[in-house]
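Geometric and topological summary
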Amino acid sequence: MLRAGLRSLTSTSPLNKPDLNTARTYEQLKAGVSIKMRMGCILKIIVASPSKKGLLVRARGLASEVNEAEFELSDCPIHKLDSGPAKKAVLTRDDGLHFYRQMQVIRRMENAASTMYKSKVIRGFCHLYSGQEACAIGMQAAIHKDDSIITAYRCHAWTYIRGIPVADILSELAAPCMLMYEVNDVKYDLSEKLKGEGRKNGCSKGKGGSMHMYGHEYYGGNGIVGAQVPLGGGIALAHKYRDNGQICVTLYGDGAANQGQVFETYNMAKLWDLPVIFVCENNGYGMGTSVERAAATTEYHTRGDYIPGIKVDGMDILTVREATRFAADFTRSGKGPILMELTTYRYYGHSMSDPGTSYRSRDEVQSIRKTRDPIMSLREKLLDSGLADTDDIKRIEKEAKEEVDAAVKVAQAGPEPALDDLFLDVYADDNMEGHKIRGCDNWIRQATN
Amino acid sequence: MEGETQKMNLFQSLTNAMDIILDSDPTAGKDRVFNTPLSEQGIVGFGIGMAAAGATAIAEIQFADYIYPAFDQLVNEASTFRYRSGDLFNCGSLTVRAPCGAVGHGALYHSQSVVIPRGPIQAKGLFLSSVRDRNPTVFLEPKILYRQAVEEVPVSDYEIPLSEAEILEQGSDVTLVGWGTQVHVLREVCKMAKEELGVSCELIDLQTIIPWDEETIIKSVLKTGRLLIAHEAPLTAGFAAEISSTIQENCFLSLEAPIQRVCGWDTPFPHIFEPFYLPDKWRCFEALKKIISY
Ligand SMILES: Cc1ncc(C[n+]2csc(CCOP(=O)(O)OP(=O)(O)O)c2C)c(N)n1
Ligand SMILES: [Mg+2]
């Protein structure tokens, strides 16, 4: 990596010179200027080949020559800590493009779920993550692949960043087109009844649905608000007991933060100094109740009292990543639990039955979309720094669209689950012969007692 | 019930009942109806405390599925308060409301007084009785009937007594017992039995699960000699087991066939297989045939 040329530009902290903040050309940069961005400023740009650096910013078409750029991060208020996360971070081109791709896939996957829901291909519970993408992607980028994650029902994105293909996620949500059975000469057509209840190739075999998806060291998708938090504590206890160096990221919403069991978990986690990051994804609302109407203090990062905390701009992926790095190092080193509040926003209603407009104004949603959108902000960072050019952006968006479109097709055409599955997976080693579920004979659909 | 009526669905009739309760206290104000934080244990605990201190408290749990965090408060605190204080304290003016039953998710459990209406008229009358009853009551409201069931509901104040089952159809061959949504399923089974088999069923809505109206069921089974109980909750330790055992003790010599329970399976409530899990009319009808051909 050649750190020639531009490095010196940053030493004079160009950010302090407001009149120079609008520089757009390499010449301006060379003169000691940086680029003003909506969220976070570029501090320095490092190019692969100094000979081509003249083309760097002026000609975005050659931006692939920019390998790294350093950005200033959003401020992170701290609680019971001497110092907080880094204030600057380097983003590589590879990471930047990768994050952008993940964000695009998640946004499009959730949009697809919404569309499928409206056409009744999906029904039941369905909670979308749009607006919160930077939280999941930023956090995953700063933890190890064997670290654990547990979250609530707003879990599609977490499932995806844990390596489950979009097709498997949408299949879990999607409906069989036709289900016909004949039992005792009676014909059953369940095509209507079973609409929107998952497919066999869904990541939970169609049995979990929207709220219950799992993966490697990913403990799901949990439907009872706050109930996953003690589980996260237990996972961390297991890691500590086995001394395996793993940590557990335990997520919950601002509404869940008021549940009693969250506080019980804080206490035990601190008492035993467990390797756990508590993460409050504060999107402003628990269903239709705003944080102000539900919480005595909305400074969620301080609500662990004796547990150190940081409040993090959850709309800026780099800030999330650096804060997570800090929190992961902290707890992995044996210092006990740490609490992160990610301030974020959800664009859709709470679930598909909530239009999301009765307790907040359309203006509010629009203004967040315009000023804080995590995808837009990353795109600007990539373009303005030259880490990517518009061709890169277009290509990624196209790829993401193709990936999601293909997944929608798979989800809609997947095989129906077999009726037998109803009785499986209740006990270990369940199988159809001699199944052990009391009171069930699936063939005559009749209590056998 | 006499007097003026109005078209209401189940949730409107409950709102109407709560308006009557609120109007009956002249200190009524907007501040008496409010959102709580997401803290079920706290919601019920506060309700018990308020009621013990003399206020009338109506605590709402969004869905019965979410009542479990508050279970300790209900079972150990609310239901034993009077007993363990030798009647110095009680929380009889507490009513806990919770929409319940299948329509995506289902759950049923038992604790102290548990009431389930089958429609708007019963909902209002039973609810007013529950609030005024001197024992804490858990009032379960079938979610699926919230908008579906519409009836002409009397606008005036009226009560339907707790712990009294209602015989909806007189019959001589088989007794069918259900509550909540299941009553509507059994009504269809009654019709099918009459039309297809010429069998006469006596249909009973239990209405209050605890303490339940043993007498009405016993009398009916002494007459018919056959009993079918259906509920959405799982078979094992479901309330049908309790009824079945009591009837076996009291009607042993009158029974013509083993009691049939048609219930949810002993599996978790399966997302994808809800229609198979539920004790629908076909499953109930199969069980009925079994009883009469025994
Ligand atoms: C114990 C319990 N109570 C109530 C519910 C119903 N419910 C589901 S999500 C939700 C809101 C939770 O809000 P928050 O924790 O802020 O998470 P978000 O939906 O914003 O991601 C409620 C009340 C539930 N699932 N579990
Ligand atoms: Mg929230």
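Residues numbered from 1 in each chain as written. Chains lettered and ligands numbered in written order. Predicted model: local features only at pLDDT ≥ 70, side-chain atom pairs only at ≥ 80, totals over all residues. Heavy atoms only, no water.

Per an unreviewed UniProt entry, chain B is named 3-methyl-2-oxobutanoate dehydrogenase (2-methylpropanoyl-transferring), and its organism is Acropora cervicornis. Taken from UniProt, the Cofactor (unreviewed entry) comment for chain B reads in full: "thiamine diphosphate". In the Catalytic activity (unreviewed entry) part of its UniProt record, chain B is described as follows: "N(6)-[(R)-lipoyl]-L-lysyl-[protein] + 3-methyl-2-oxobutanoate + H(+) = N(6)-[(R)-S(8)-2-methylpropanoyldihydrolipoyl]-L-lysyl-[protein] + CO2". (UniProt positions renumbered as here; feature names shortened; annotations may be inferred.)

Per an unreviewed UniProt entry, chain A goes by the name pyruvate dehydrogenase (acetyl-transferring) and belongs to Acropora cervicornis. What the UniProt record of chain A gives under Cofactor (unreviewed entry) is the line "thiamine diphosphate".

Attention now moves to the nonpolar core. Formed by 77 residues in total, the largest nonpolar core has its most connected members in Met139, Trp158, Leu170, Ile277, Met340 and Leu382 of chain A. The biggest single contributor to this core is helix α3 (residues 93-118) of chain A, with eleven residues. One finds Ala59, Ile61, Ile67 and Ile210 of chain B within the second-largest nonpolar core, a separate group that totals 44 residues. (Core = buried A, V, L, I, M, F, W, Y, C linked by side-chain atoms within 4.5 Å. Buried < 20%, exposed > 50% of the residue type's maximum accessible area, 1.4 Å probe, protein only. Helix = DSSP H or I, 4+ residues; strand = E, 2+ residues; numbered from the N terminus.)

Time to look at the coordination of the magnesium ion (ligand 2). Around the magnesium ion (ligand 2), the protein contributes the donor atoms Asp254 of chain A (OD), Asn283 of chain A (OD1) and Tyr285 of chain A (O), which lie 2.1 Å from the metal centre. Written as a sequence motif, the donor arrangement for the magnesium ion (ligand 2) is D-x28-N-x1-Y. (Donors = N, O, S within 2.8 Å, 3.2 Å for Na, K, Ca; no water.)

A word on the state of the cysteines. All names here are of chain A. Throughout the structure, instances matching the rule amount to zero disulfides over all chains. Lacking any disulfide linkage, cysteine 155 is separated from the closest cysteine sulfur, that of cysteine 203, by 8.0 Å. Under the relative-accessibility criterion, cysteine 155 is labelled buried at 0%. For cysteine 280, which is in no disulfide, the shortest distance to another cysteine sulfur is to cysteine 135 and amounts to 10 Å. (Disulfide = S-S within 2.5 Å.)

In this section: the pattern of salt bridges. Residues and elements named next belong to chain A. One pass over the full model with this rule turns up 35 salt bridges over all chains. For the salt bridge of aspartate 392 with arginine 395, the shortest nitrogen-to-oxygen distance reads 3.1 Å. With aspartate 392 and arginine 395 both in helix α13 (residues 390-413) and three residues apart, this pair spans about one turn of that helix. Overall, the relative accessible area of 37% leaves arginine 395 in the partly exposed class. Connected via shared salt-bridge partners are Arg93, Arg101, Asp392, Arg395, Glu399 and Glu403. (Salt bridge = Lys/Arg side-chain N within 4 Å of Asp/Glu carboxyl O.)

In a beta sheet, neighbouring strands pair by backbone hydrogen bonds and run either parallel or antiparallel. All names here are of chain B. In space, the five strands of this open sheet follow the order β7-β9-β8-β11-β12, with mixed pairing throughout. Of all strands in the sheet, those bounded by a partner on one side alone are β7 (166-169) and β12 (260-264). Between one strand axis and the next, the sheet turns through 25° on average, direction left out of account. Sheet topology note: the strand β8 (residues 174-178)/strand β9 (residues 201-205) ladder contains five bridges and is parallel. Note that in β9 the partner of glycine 178 across the bridge is aspartate 205. Sitting on the sheet, helix α11 (residues 281-292) is in contact with β8, β9, β11 (227-234) and β12, with an inclination near 165° to β12. (Pairing = 2+ DSSP bridges. Axes fitted to C-alpha atoms, helices over the stretch in contact; angles between N-to-C directions. Contact = heavy atoms within 4.5 Å.)

Here the focus is the pairing of β8 of chain B. Residues and elements named next belong to chain B. Of all five residues making up β8, five are buried, and the element is well covered by its neighbours. Going residue by residue along β8, you find Val174, Leu176 and Gly178 tucked away on one face and Thr175 and Val177 tucked away on the opposite face as well. On the question of chirality, the crossover connecting β8 to the parallel β9 by way of helix α7 (residues 182-197) is right-handed. One ladder, built from three bridges, connects β8 with β11; its direction is parallel. Each bridged residue has a counterpart across the sheet, and for leucine 176 the counterpart in β11 is leucine 228. (Right-handed = clockwise from strand over helix to strand, strands pointing away.)

Every one of the 19 residues lining ligand 1 counts as a neighbour, but Tyr153, Arg154 and Gly255 of chain A together with Glu40 and Gln62 of chain B are closest to it. Surrounding ligand 1 are residues belonging to chains A and B, so the site spans chains. A distance of 3.0 Å separates a nitrogen atom of ligand 1 from a polar backbone atom of valine 225 of chain A. Between ligand 1 and glutamate 40 of chain B, the relevant distance is 2.4 Å, taken from a nitrogen atom to a side-chain nitrogen or oxygen of the residue. Protein contacts shield 94% of the accessible area of ligand 1, which totals 580 Å² for the unbound molecule. Tallied by class, the residues present in the shell around ligand 1 amount to eight nonpolar, eight polar and three charged. (Near = heavy atom within 4 Å. Polar contact = N/O pair within 3.5 Å; in protein donor to acceptor, adjacent residues only side chain to side chain. Areas by Shrake-Rupley, 256 points an atom, 1.4 Å probe, with all protein chains shown as cover. Nonpolar A, V, L, I, M, F, W, Y, C, P; charged D, E, K, R; others polar.)

Residues and elements named next belong to chain A. At their nearest, the axes of helix α4 (residues 133-140) and helix α10 (residues 317-335) sit 8 Å apart, and the two run at 40° to each other. Accordingly, the angle class assigned to the pair α4 and α10 is oblique. For α4 against α10, the interelement crossing comes out right-handed. Each of Ala134, Cys135, Ile137, Gly138 and Met139 in α4 lies in contact with α10, whose residues at this interface are Ile317, Val320, Arg321 and Thr324. (Parallel < 35°, antiparallel > 145°, perpendicular 65-115°, else oblique. Left-handed = near helix turned anticlockwise from the far one by under 90°.)

Right, let's get into the environment of leucine 339 of chain A. All names here are of chain A. In this structure, leucine 339 sits in strand β13 (residues 338-343). Residue class for leucine 339 comes out buried when judged on its relative accessible area of 0%. Along the primary structure leucine 339 and proline 415 are separated by 76 residues, whereas in three dimensions their C-alpha atoms are 43 Å apart. Look past the residues within four positions of leucine 339 in its chain and what remains in contact with it is Tyr252, Tyr266, Phe278, Tyr300, His301, Arg303, Gly304, Ile307, Pro308, Gly309 and Ile310.

When two helices pack together, their arrangement is captured by the angle between the axes and the distance separating the axes. All names here are of chain B. Where helix α8 (residues 214-224) contacts helix α9 (residues 239-251), the axes come no closer than 10 Å and their chain directions differ by 55°. Between α8 and α9, the angle is such that the two are oblique. For the crossing formed where α8 meets α9, the hand is right-handed. Contacts from Glu214, Ile217, Ile218, Val221 and Leu222 of α8 reach α9 at Ile243, Thr246, Ile247, Asn250 and Cys251. Counted by class, the contact of α8 with α9 contains seven nonpolar, two polar and one charged residues.

Before going further, it helps to spend a moment on unusual backbone geometry. Here isoleucine 210 of chain B and proline 211 of chain B are connected by a cis peptide whose omega angle stands at -10°. Relative to the assigned elements, proline 211 of chain B resides in the loop between β10 (208-210) and α8. Even without a glycine there, the phi angle at lysine 120 of chain A is positive, about 65°. Counting through the fold element by element, lysine 120 of chain A comes out in the loop between α3 and α4. Within the chain, glutamine 207 of chain B stands out as a residue other than glycine whose phi angle is a positive 65°. Mapping glutamine 207 of chain B onto the fold places it in the loop between β9 and β10.

Our focus in this paragraph is the environment of threonine 267 of chain B. Position of threonine 267 of chain B relative to the elements: it lies in the loop between β12 and α10 (274-277). Counting along the chain gives 140 residues from threonine 267 of chain B to phenylalanine 127 of chain B, while the straight-line C-alpha distance between them is 32 Å.

So, about the packing of aromatic side chains. Residues and elements named next belong to chain A. The final tally for this structure, using the stated rule, is twelve aromatic pairs over all chains. Pairing phenylalanine 263 with tyrosine 266 gives two aromatic rings, centres 5.4 Å apart and planes at 80°, and the pair type is edge-to-face. Taken together, the positions of phenylalanine 263 and tyrosine 266, both in helix α8 (residues 260-271) and three residues apart, correspond to about one turn of that helix. Using a relative accessible area of 33% as the deciding quantity, one classes phenylalanine 263 as partly exposed. (Phe/Tyr/Trp six-rings, centres within 6.5 Å; stacked < 30°, edge-to-face > 60°.)

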